[in-house]
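Examining the three-dimensional arrangement
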Amino acid sequence: MEQRVLYVRLPCNPIFPIGVVYLADHIHKVFADIEQRIFDLGTIAPLDFNTALDRAVDEFQPTLLVFSWRDIQIYAPVGGRGGNPLQNAFEVYYAKNPLIRLRGALGGFKVAAAYYGELWRNFGLIRRAIARAKRYNPQAQAVVGGGAVSVFYEQMQHLLPKGTIVSVGEGETLLEKLLKQEDIVGERCYIVGETEPRDRMIHEWPTPIEKAACNYDYIQKIWSEFEYYLQEDDFYIGVQTKRGCPHNCCYCIYTVVEGKQVRINPADEVVKEMRQLYDRGIHNFWFTDAQFIPAKKYINDAIELLQKIVDSGMTDIHWAAYIRADNLTPELCDLMVKTGMNYFEIGITSGSQELVRKMRMGYNLRTVLQNCRDLKAAGFNDLVSVNYSFNVIDETFDTIRQTVAYHRELEKIFGVDKVEPAIFFIGLQPHTHLEEYAFKNDIIKPGYNPMSLMPWTAKKLLWNPEPLGSFFGEICLQAWRQNPNDFGREVMKILEERLGSVDIEEALTAPINSTSNRQLSAVS
Ligand code: B12
Ligand code: SF4
């Protein structure tokens, strides 16, 4: 049978669907003759989802449906779909004023309704497309993957139609094998109703593939809506420069989804890919790596890439990425500025070295500060987002003061208006050390549903345990009341007013060997 592959990117905020683009490109490199089509529901208005999907299936009549699902979890600290989920949750859990609690409950209901509505809508779209494709090809197969599926693959078996293949992590080799009609047993996947997800499947290593520059001439041919992402000036188009992260941060799942082994895409290929986008008018790039510089030993790779960008003559570009700022050198800082890095996110989580160590993040906060000074000296004058998640483990008033002191130090380096404190609370994710810690400490029970947004589960998954949970609840509510448009800075201000700050040296020194450090280590 002639194979025809239809990629359906499920509805999503307009983030460039780099996952399906790479999959389609890979399949084309392996099987030049197979017909493919990309259909992106991210570019379609919600009312038209069904009809547009029907049309895509009718026109293309696929034999293989590849559904890509990017995100499910919406614990964002900022206005998300259907409202600000964090604010609504905190109003229900922590507000003293019954009217505010009621407002939170109504808001929470709206958020939950939007969340469950989107889940059921996506499952409905998958069923609909499969049924429709089977009208033309009764043997048509469906495979589902992407970031959201990688995180919640175990739950998917109860929600998808029998026979659907559920994939974890990268999909290149799985699709290749499916199209070659080879055995897929060795891949990180299972078939709903036929096989069970293997125990700890997500911890299995991905099959390394040699990544060459994506062929955008081809992508443009199979994707009529590609232009959509070229029209706006402020889109940051994804380009991946490596896969994998070697770290062990207690709440993070990237390190298992992508694997701990870092695989670098050849710098020449990355530049070739950027060049194709650049020639189509794209000047903003997001390096979609879990971490752009995962560890010291990858500094030279980052230098090589940035130097090649300079040599390519693409001088008027901007780029952004997640950056572990403990892995910078003055040379790298120079190149970052020269190549147009104009935004980056540092996920230090806390400004207390003691807590950073307990969360097993491997960051040296003193080095981060020094490297930030080097970056500033190199001429960086744009925005830095510093991600703080309070109350992950063993937070005390002292460690909060240390975080305030640390943040003030970053402000001294970059300027108050250039450092944005992004206040998150961790959304507990499956297969993380923090999940095991929560099991051990009876906070959640094995078998809980990590996708649940029911208030009693959500309260535990939105990680903000007592004794400090209510304190943070109150602080955040006050910040939303006083200055909702500058929430992060307001939280820092209130914390400083209430608790004061400390000398920066206190934040940077961590006493060794506390009980809960051992507890979290013991669950690994
Ligand atoms: C970079 C990134 C961002 C950047 C994106 C920048 C940009 N312009 O592209 C920024 C910072 C903006 C961002 C934002 C958010 N993100 Co984000 N992000 C990532 C990250 C680190 C990489 C994603 C990526 O592009 N990878 C590179 C591409 C090539 O990989 P990919 O798309 O995953 O596709 C591969 C595989 O998934 C697979 N695949 C994909 N589809 C399919 C389909 C089939 C059938 C198969 C077999 C395989 C397959 O093969 C592809 C190629 O190998 C992932 C975590 C991670 N390490 O994966 C989180 C991740 C995707 N983000 C996530 C979330 C939740 C968000 C937010 C919603 C957070 C929030 N609450 O605000 C926001 C908003 C996003 C939105 N839609 O509006 C979650 C989604 C899962 C979930 N928990 O629901 C992830 C998985 C992180 C996590 N563990 O929680 N994000
Ligand atoms: S460095 Fe970042 S991507 Fe890597 S494990 Fe830690 S939080 Fe996750």
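Here, every reference points to the structure presented above.
Structural notes, computed from the coordinates.

Criteria and thresholds
Residues numbered from 1 in each chain as written. Chains lettered and ligands numbered in written order. Predicted model: local features only at pLDDT ≥ 70, side-chain atom pairs only at ≥ 80, totals over all residues. Heavy atoms only, no water. Near = heavy atom within 4 Å. Polar contact = N/O pair within 3.5 Å; in protein donor to acceptor, adjacent residues only side chain to side chain. Helix = DSSP H or I, 4+ residues; strand = E, 2+ residues; numbered from the N terminus. Nonpolar A, V, L, I, M, F, W, Y, C, P; charged D, E, K, R; others polar. Phe/Tyr/Trp six-rings, centres within 6.5 Å; stacked < 30°, edge-to-face > 60°. Buried < 20%, exposed > 50% of the residue type's maximum accessible area, 1.4 Å probe, protein only. Lys NZ or Arg CZ within 6 Å of the ring centre and 35° of its normal. Expected span 1.5 Å × (residues − 1). Contact = heavy atoms within 4.5 Å.

Details of the site of ligand 1
With respect to spatial proximity, 38 residues lie near ligand 1, and among them Asn 13, Ser 68, Ile 72, Gln 73 and Glu 258 are the closest. Contact distances for ligand 1 include 2.9 Å between an oxygen atom and a side-chain N or O atom of Glu 172. Contacts to ligand 1 include Tyr 236, whose backbone N or O atom sits 2.9 Å from a nitrogen atom. Within the residue set of the shell around ligand 1, elements represented by two or more residues are α1 (18-30), β3 (64-68), β4 (141-145), α5 (147-151) and α7 (172-180). For the shell around ligand 1, the element with the most residues is α1, which contributes four residues. For the shell around ligand 1, the per-class residue count stands at 19 nonpolar, 13 polar and six charged.

Considerations on the packing of aromatic side chains
Aromatic ring pairs: the centre-centre distance and the angle between the two ring planes describe each pair. In this structure the tally under the stated criterion is 31 aromatic pairs. With centroids separated by 5.9 Å and ring planes inclined at 70 degrees, the aromatic side chains of Phe 439 and Tyr 448 adopt a geometry described as edge-to-face. According to the relative accessible area criterion, Phe 439 is partly exposed, its value standing at 25%. Ring pairs connect the aromatic residues Phe 90, Tyr 93, Tyr 94, Phe 390, Phe 397, Phe 425, Phe 471, Phe 472, Trp 480 and Phe 487, which therefore count as one cluster. Taking NZ or CZ as reference, Arg 324 lies 3.9 Å from the ring centre of Tyr 363, over its face.

Points about helix α2 (residues 49-60)
Given a rise of 1.5 Å per residue, twelve residues ought to cover 16 Å, and the 16 Å separating the end C-alpha atoms of α2 matches this to within 8%. Residues of α2 that are buried include every one of Phe 49, Ala 52, Leu 53, Asp 54, Ala 56, Val 57 and Phe 60, and no others. Residues of α2 that are buried in the fold lie against β1 (4-9), β2 (35-40) and α4 (98-136). Backbone geometry just after α2 places Gln 61 at a positive phi near 50 degrees.

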